[in-house]
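Geometric and topological summary
Here is how the chains run, residue by residue.
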Amino acid sequence: MATRTACQVFRRRFSSASAALRPSTAEIRSRRNAVFSREQQRQRALYPRIEKIEVSLRGPGLDGTLLIMNKGMSTPLSCARHLTEYHMNNSALALVDGELWPLHQPLTDSCTLTLLMFNDSDPTLLNEAYWRSCSALLGQVLETAFKDDYTVELLSTPEVPVTSGAFCCDVVLDPQLDSWTPSPESLRSLTRGAQQLIHQNLAWEPLEVAPSVALEVFSHSRCKQEEVEQKASDSPKGTVMLYRCGDHVLLSGGPLVARTGLCSQYEVTAMHSLGQGPWGHHRRTQGLSLPLQLQAHHTVWRRLRERAEKLVSFPSCSQRIPYGGKADTPPLALQTPPPTP
Amino acid sequence: MRLTLQMLISHGRVARRIGLGPESRINMLRNILTGLVRHERIETTRVRADEVRFYAEKLIDYAKKGDTDEKAMKMASFWLTEKDLVPKLFKVLAPRFENHSTGYTRMARIPNRENLDRAQMAVLEYKGNPFPPLYPVKKENELTLINQLLKGYREERARARVLAAEA
């Protein structure tokens, strides 16, 4: 206990010392980007010759269609482009052999493919992925919203069920901002930042990397490195999934949807303080969003938004979905370690 | 007879003239009604379907009297030209509409015929037929994102109401 307080003191002292020398956020971002691109190039170069794989499609009206695609290069999006524009624009995630697969990740073997859309008969997995992508977008907006003098630490985004009414993004701001409470205007400017990203229609590019590469990407953030180690121990293959949106690299607990343009109504509703945590003053930013195909009337939107302003709390702080497995683990209690799949 | 102007003007006359004359009209409607009883869903011109509708429902009313009834059997054997449909009428269609008092048929208009005559077409069916519905019922999917959000919203409102009622 004494050692823990001593460690905390040392960590805070060291973090404040390194804050003076730490590179600016733009530099950190470009460095992360460079490592990501390098790893992406290396993974693409693993398939120098074009080999063909057979992809059989499943879905209403598509059962039995066989596509011949390239190994390591074709993504489920390229399969959708062989079908129709409707499939290309409306599919947000894919199911490859029963496993959730981001739309921009290359296929590696002959498989069965199902394209998931928001108006399917059972879009539960897609809803969870959409909620995760909205939190990831909120995290990206928060990282770029503040001036360079203030540091922003994104904590692991908690897995919130859709029925709770809002997605959350836990963040720890600079100690100088501890007494700052956001006004409606600042929330509105955050919303505008998110709307700009949505308008640019950036794709979330997935990349499966070994934990060492992920640790290199997040070399400036101790909190993110711990998260990487946690996720690496959780996943069955021992790899970690990184996503890049524009020039922002992020870590995610599960698959994200294809691109930011799929969200249409997006609003940052509230920021609640959760008190002091191991990294500083915890804040939970909440938001509400609906996809392009399921837009709400403004009366319905107003009521959902009022509900989204209330604090979302749940028994488990972060429900970890082991990557590569099915996303149906039960919620965890706060102190027990995660069950190994 | 006296050739008056009223003979040429047909304002307010509801009886339709089909075919070559009244006998031809009854024969045509008889054929269409036989087809309807056999197949339970047929496609004809709009006017013929509208005319047959009245006779189809009257035939069911007669069939409900039972096949022992003399008048009902005479009507059935007159109107159904194919005699193997008479038992079908009494044993299948009459029991089906036991609890209905009116409205045994449904008519739906469809796009005009592709021929040169471009006739207005309609589909006439007996209710309770085994085919897929003419007007398919669109079921709201409870699991879409917006419906799940609204479900959460409704549950929270119910919880708040319970708490307010207790307090």
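In short, a report on the structure. In this text the structure is predicted, and so the values were computed from the model without any measurement. (Residues numbered from 1 in each chain as written. Chains lettered and ligands numbered in written order. Predicted model: local features only at pLDDT ≥ 70, side-chain atom pairs only at ≥ 80, totals over all residues. Heavy atoms only, no water.)

What follows concerns the pattern of salt bridges. Considering all chains together, one arrives at 29 salt bridges over all chains under this definition. The salt bridge partner of R38(A) is E216(A), with a shortest N-O separation of 3.2 Å. Of this pair, R38(A) sits in helix α2 (residues 25-44) while E216(A) sits in helix α7 (residues 211-217); the two residues are 178 residues apart in sequence, bridging distant segments of the chain. E125(B) is the salt-bridge partner of R41(B), the closest N and O atoms lying 2.8 Å from each other. In this pair, R41(B) is assigned in strand β1 (residues 41-45) and E125(B) in strand β3 (residues 121-126), connecting sequence segments 84 residues apart. On the basis of relative accessible area, R41(B) is assigned to the partly exposed category, the value being 22%. The network of salt bridges with common partners includes R16(B), R25(B), D50(B) and E51(B). (Salt bridge = Lys/Arg side-chain N within 4 Å of Asp/Glu carboxyl O. Helix = DSSP H or I, 4+ residues; strand = E, 2+ residues; numbered from the N terminus. Buried < 20%, exposed > 50% of the residue type's maximum accessible area, 1.4 Å probe, protein only.)

Residues and elements named next belong to chain A. Under the criterion given, the structure shown has four cavities of 30 Å³ or more. Taken as a whole, the second largest cavity holds about 120 Å³ of empty space. In terms of lining residues, the second largest cavity is bounded by 15 residues, among which S135, A136, T157, L250 and L251 are the most central. For the lining of the second largest cavity, the secondary-structure elements that each account for two or more residues are α5 (124-145), α8 (222-234) and β10 (248-251). Considering every element that reaches the lining of the second largest cavity, the biggest residue donor is α5, with four residues. Per-class residue counts for the lining of the second largest cavity are seven nonpolar, five polar and three charged. (1 Å grid on protein atoms, 1.4 Å probe; cavity = no way out; pocket = protein on both sides within 12 Å on 5 of 7 lines; lining within 4 Å. Points joined across faces, edges and corners; volume = space filled by probe spheres on them. Nonpolar A, V, L, I, M, F, W, Y, C, P; charged D, E, K, R; others polar.)

Turning our eyes to something else, we now look at the interface of chain A and chain B. Of the residues lining the interface, 23 residues belong to chain A; the matching set on chain B comes to 12 residues. Here chain A and chain B share an interface that buries about 1,500 Å² over both sides, 69% of which is from carbon and sulfur atoms. If you sort the residues of chain A by the area they bury against chain B, T163(A), L304(A) and R307(A) come out on top, with a joint share of 33%. Summed over the shared surface of chain A and chain B, the result is two salt bridges. Salt-bridge contacts for E156(B) lead to R307(A); the nearest nitrogen and oxygen are separated by 2.5 Å. The interface formed by chain A and chain B contains five residue pairs in polar contact (both at pLDDT 80 or more). Secondary-structure elements contributing two or more residues to the side of chain A that touches chain B are α5, β12 (281-291) and α9 (298-308) of chain A. Residues of the side of chain A that touches chain B, tallied by class, amount to 12 nonpolar, six polar and five charged. (Contact = heavy atoms within 4.5 Å. Buried area = accessible area lost by both parts, 1.4 Å probe. Polar contact = N/O pair within 3.5 Å; in protein donor to acceptor, adjacent residues only side chain to side chain.)

Right, let's talk about the sheet that holds strand β6 (residues 152-154) of chain A for a bit. Residue and element names in this part refer to chain A. Taken together, the four strands give an open sheet; going across it, the order is β6-β7-β12-β11, and neighbouring strands pair in antiparallel fashion. Of all the strands in the sheet, the pair left with one neighbour each is β6 and β11 (263-276). Shown here is a sheet whose adjacent strand axes are inclined to one another by a mean of 30°, direction ignored. With three bridges joining them, β6 and strand β7 (residues 167-173) adopt antiparallel strand pairing. If you follow E153 over to β7, its bridge partner there is V172. (Pairing = 2+ DSSP bridges. Axes fitted to C-alpha atoms, helices over the stretch in contact; angles between N-to-C directions.)

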